[in-house]
Amino acid sequence: MIHVEEAKQLLQSILRPLPSEEVMVRKALGRVLAADVRAPLPMPLFDQSAVDGYVLSSKSLQDGSYRVVGMIRAGDSPPKAIQSGQAYRIYTGAAVPQRAFGVVMQEHVQRTEDRLDVPADRIVKGSHIRKKGGHFKKGAIVLQRSALLNAAAIGLLASLGKQRLRVYRKPVIGLLVTGSELRKAGTVLLEGEIYESNSATLIAALESCGYSVKQLAFARDRKADVERQAKRLMKACDVVLFSGGISVGDFDFVLPVLERLRVKRLFYKVAQKPGKPLYAGSQGRKMVFALPGNPASALVCLYEYVLPTLDGMQMKPHRGLVQVRLRLAEELSLKGDRDQFLRARAVDGQVTVFTAQDSDNLRSFAESNALVFVPAGVARLSAGEQVAVHLLPQQDIVP
Ligand code: AMP
Ligand code: MG
């Protein structure tokens, strides 16, 4: 049995980035740049006014008075140059003419018809002018390879007129759900049967992290059935997830099938609760995870192992759930000799661990916005002690 930390490190150590592809900037949210982006333009693109006011020449007619000779709006081509004693009405974002001395805010001047009076202390060289190339020059690297594209990054690229970008490809994910007892919603259950729920859970969790399942398949607990579907998914996908059938029962066929398909085992069984029967393997660049069938175990394993792997295959700078340290709201007693991922709720910088932690129970998980990680050997934690908290995606409260 492997330890949690070791298993996680092993997964990251064998990762290989997927090839890159070109995407439209507008579709690149959450993607990772596969190459540096250089500015095709300087920013700002030209000297421009930062305020609504007046642009002044370097000399006044006398004692801070100027003659207003025109207007420059955002989008107007500016006059070639401003002559001595002249001022132009100017607006935010409008191009400043050459030889302009500075811009003064409209709140700080006196205007009477075409005469403008400006107090001496408001006539400041370069004031309220955003200089061409002031943020960065043409040719500068504005975003580095491996940058995660957030909304601001998308906006920055759009402001540079970029339309397409090179990013790492997203993994194509397949999911094979095994279990002869499982039925689709809408069918009448016979005794002993249950509604299949892991596909809904896992697909939703992946979607909340920006991933989608491209191939979904189901197999009964028959070796030939599992093998046929597994073969198909292994061919079509970068990452194949199995749900169920990985424990030690006589009808758990995932492990023998993976062995037959020559998937290289990275680890099988992790010293953790929940999710002990977790399996991970690889075949060339492809990754395989067999998740335990118990619904809460499957979801914990997806967040803790599959998600960092998917993030890593795209070279994301941050992989897996965001981790913070928070104080326990209530004392916590624990038993067992394995590392634990406990369903919990983080509110206002404190975290409360739910009492219901059974691996087949999604009820408390549904109210959770975090997992608390407690290492093996810790039997009791007092209220106020700090614990490691892994924040679930799309949680409604940021501690
Ligand atoms: P297994 O890992 O296949 O032995 O399954 C462990 C437990 O999880 C059993 O009680 C299964 O019925 C249940 N289970 C397995 N797969 C699913 C699924 N897709 N949806 C809901 N429950 C499942
Ligand atoms: Mg099963």
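In what follows, the structure referred to is the one given above.
It should be emphasised that the depicted structure is a prediction, and the values quoted were computed from it without experimental measurement.

**Q** Help me understand the site of ligand 1, please; the structure alone is not making it clear to me.
**A** In the neighbourhood of ligand 1, 14 residues make up the surrounding shell, with Glu181, Glu196, Ser197, Gly245 and Gly293 lying closest. Glu196 is positioned such that a nitrogen or oxygen atom in its side chain is 2.9 Å from a nitrogen atom of ligand 1. At 2.9 Å from an oxygen atom of ligand 1 is found a main-chain nitrogen or oxygen belonging to Gly293. Isolated, ligand 1 exposes 480 Å² of accessible area, and the fraction of that covered by the protein chains is 77%.

**Q** What should I look at first to understand the sheet that holds strand 5 (residues 65-72) in this one?
**A** Reading across the sheet, the 6 strands line up as 7-4-6-5-9-8 and stay open at both edges, with mixed pairing between neighbours. Strands at the two margins of the open sheet, each flanked by one partner only, are strand 7 (102-105) and strand 8 (110-112). With strand direction ignored, the average angle separating the axes of adjacent strands in the sheet is 35 degrees. Relative to strand 6 (residues 86-90), strand 4 (residues 53-56) runs antiparallel, the two being bridged by 4 bridges. Within strand 6, the residue paired with Val55 across the bridge is Tyr88.

**Q** Just to check I follow, could you spell out unusual backbone geometry for this structure?
**A** For residues besides glycine, phi is generally negative; the peptide bonds are generally trans as well. For the peptide bond that leads from Met43 to Pro44, omega is -10 degrees, which places it in the cis range. The omega torsion across Lys273 and Pro274 is -5 degrees, close enough to zero to call that bond cis. Checked against the element boundaries, Pro274 lands in the loop between strand 19 (272-273) and strand 20 (279-283). We note that Asp63 has phi near 45 degrees; this positive angle belongs to a residue other than glycine. Inspection of the secondary structure puts Asp63 in the loop between strand 4 and strand 5. Looking at Asp63, the relative accessible area reads 79%, which means it is exposed. One non-glycine residue, Glu113, lies in positive phi territory at about 50 degrees. Within the secondary structure layout, Glu113 lies in the loop between strand 8 and strand 9 (115-117).

**Q** Just to check I follow, could you spell out the packing of aromatic side chains for this structure?
**A** Aromatic ring pairs: the centre-centre distance and the angle between the two ring planes describe each pair. Enumeration according to the criterion identifies 4 aromatic pairs in this entry. Summarising the aromatic geometry, the rings of Tyr268 and Tyr279 are spaced 6.4 Å apart at their centres and angled 55 degrees between planes, so their arrangement reads as tilted. With Tyr268 in strand 18 (residues 264-268) and Tyr279 in strand 20, the pair connects residues that are 11 residues apart, well separated along the chain. For Tyr268, a relative accessible area of 17% translates into the label buried.

**Q** Can you help me understand the packing of helix 1 (residues 4-14) against helix 6 (residues 295-313) in this one?
**A** For any two helices packed against each other, the geometry is given by the interaxial angle and the distance between the axes. The N-to-C vectors of helix 1 and helix 6 enclose an angle of 25 degrees; their axes lie 10 Å apart at closest approach. Regarding the angle of helix 1 to helix 6, the classification is roughly parallel. When you trace helix 1 past helix 6, the crossing you get is right-handed. Contacts between helix 1 and helix 6 involve Val4, Ala7, Lys8, Leu11 and Gln12 from the first element and Glu304, Tyr305, Pro308, Thr309 and Gly312 from the second. Residue composition of the contact of helix 1 with helix 6, grouped by class: 5 nonpolar, 3 polar and 2 charged.

**Q** Looking at this structure, I do not really get the side chain of Ser127. What am I missing?
**A** As for its position among the elements, Ser127 is in the loop between strand 9 and strand 10 (129-130). Accessibility expressed as a relative area gives 15% for Ser127, which makes it buried. Within polar-contact distance, the side chain of Ser127 engages the backbone oxygen of Val124 at 2.9 Å. Discounting residues that sit within four places of it in the chain, Ser127 has contacts with Gly102 and Val103.

**Q** Looking at this model, I keep getting lost on the pattern of salt bridges. Mind explaining?
**A** Side-chain pairs of opposite charge can arise whenever the charged atoms involved come near each other. Counted under the stated rule, the structure contains 15 salt bridges. As a salt-bridge pair, Arg67 and Asp114 come within 3.8 Å of each other at their nearest N and O atoms. Placement of the pair is Arg67 in strand 5 and Asp114 in the loop between strand 8 and strand 9, with a sequence separation of 47 residues. Overall, the relative accessible area of 35% leaves Asp114 in the partly exposed class. A salt bridge links Arg380 to Glu331; the nearest nitrogen and oxygen atoms lie 2.8 Å apart. Of this pair, Arg380 sits in strand 27 (residues 380-381) while Glu331 sits in the loop between strand 22 (322-328) and strand 23 (332-333); the two residues are 49 residues apart in sequence, bridging distant segments of the chain. Under the relative-accessibility criterion, Arg380 is labelled partly exposed at 46%.

**Q** I'm lost on the nonpolar core in this one. Help?
**A** Core analysis: the largest hydrophobic core is formed by 45 residues, its most contacted members being Leu241, Phe267, Phe289 and Tyr305. Element by element, the count of residues in this core is highest for helix 6, at 12 residues. Excluding residues within four positions of it along the chain, Tyr305 makes contact with Val4, Ala7, Lys8, Leu11, Phe267, Val270, Gln272, Leu278, Phe289 and Phe341. Within the second largest apolar cluster, 22 residues are counted, among which are Leu176, Met234, Cys237 and Ile246.

**Q** How do you make sense of the sheet that holds strand 20 when you look at a structure like this?
**A** By way of backbone hydrogen bonds, the strands of a sheet pair with one another, either parallel or antiparallel. Taken in spatial order, the 6 strands make up an open sheet running 16-13-17-21-20-18, and their pairing is mixed. The open sheet has two free edges, formed respectively by strand 16 (213-219) and strand 18, since each of these has just one partner strand. Direction aside, the axes of adjacent strands within the sheet are offset by 15 degrees on average. Across 4 bridges, the pairing between strand 18 and strand 20 is antiparallel. Bridge pairing in strand 20 places Arg265 opposite Gly281. Helix-sheet contacts for helix 1 involve strand 18, strand 20 and strand 21 (286-291), and the interaxial angle to strand 18 is about 155 degrees. Sitting on the sheet, helix 6 touches strand 13 (173-178), strand 17 (239-243), strand 18 and strand 21, and the angle it makes with strand 21 is about 175 degrees.

Thresholds applied
- Residues numbered from 1 in each chain as written.
- Chains lettered and ligands numbered in written order.
- Predicted model: local features only at pLDDT ≥ 70, side-chain atom pairs only at ≥ 80, totals over all residues.
- Heavy atoms only, no water.
- Near = heavy atom within 4 Å.
- Polar contact = N/O pair within 3.5 Å; in protein donor to acceptor, adjacent residues only side chain to side chain.
- Areas by Shrake-Rupley, 256 points an atom, 1.4 Å probe, with all protein chains shown as cover.
- Pairing = 2+ DSSP bridges.
- Helix = DSSP H or I, 4+ residues; strand = E, 2+ residues; numbered from the N terminus.
- Axes fitted to C-alpha atoms, helices over the stretch in contact; angles between N-to-C directions.
- Buried < 20%, exposed > 50% of the residue type's maximum accessible area, 1.4 Å probe, protein only.
- Phe/Tyr/Trp six-rings, centres within 6.5 Å; stacked < 30°, edge-to-face > 60°.
- Parallel < 35°, antiparallel > 145°, perpendicular 65-115°, else oblique.
- Left-handed = near helix turned anticlockwise from the far one by under 90°.
- Contact = heavy atoms within 4.5 Å.
- Nonpolar A, V, L, I, M, F, W, Y, C, P; charged D, E, K, R; others polar.
- Salt bridge = Lys/Arg side-chain N within 4 Å of Asp/Glu carboxyl O.
- Core = buried A, V, L, I, M, F, W, Y, C linked by side-chain atoms within 4.5 Å.

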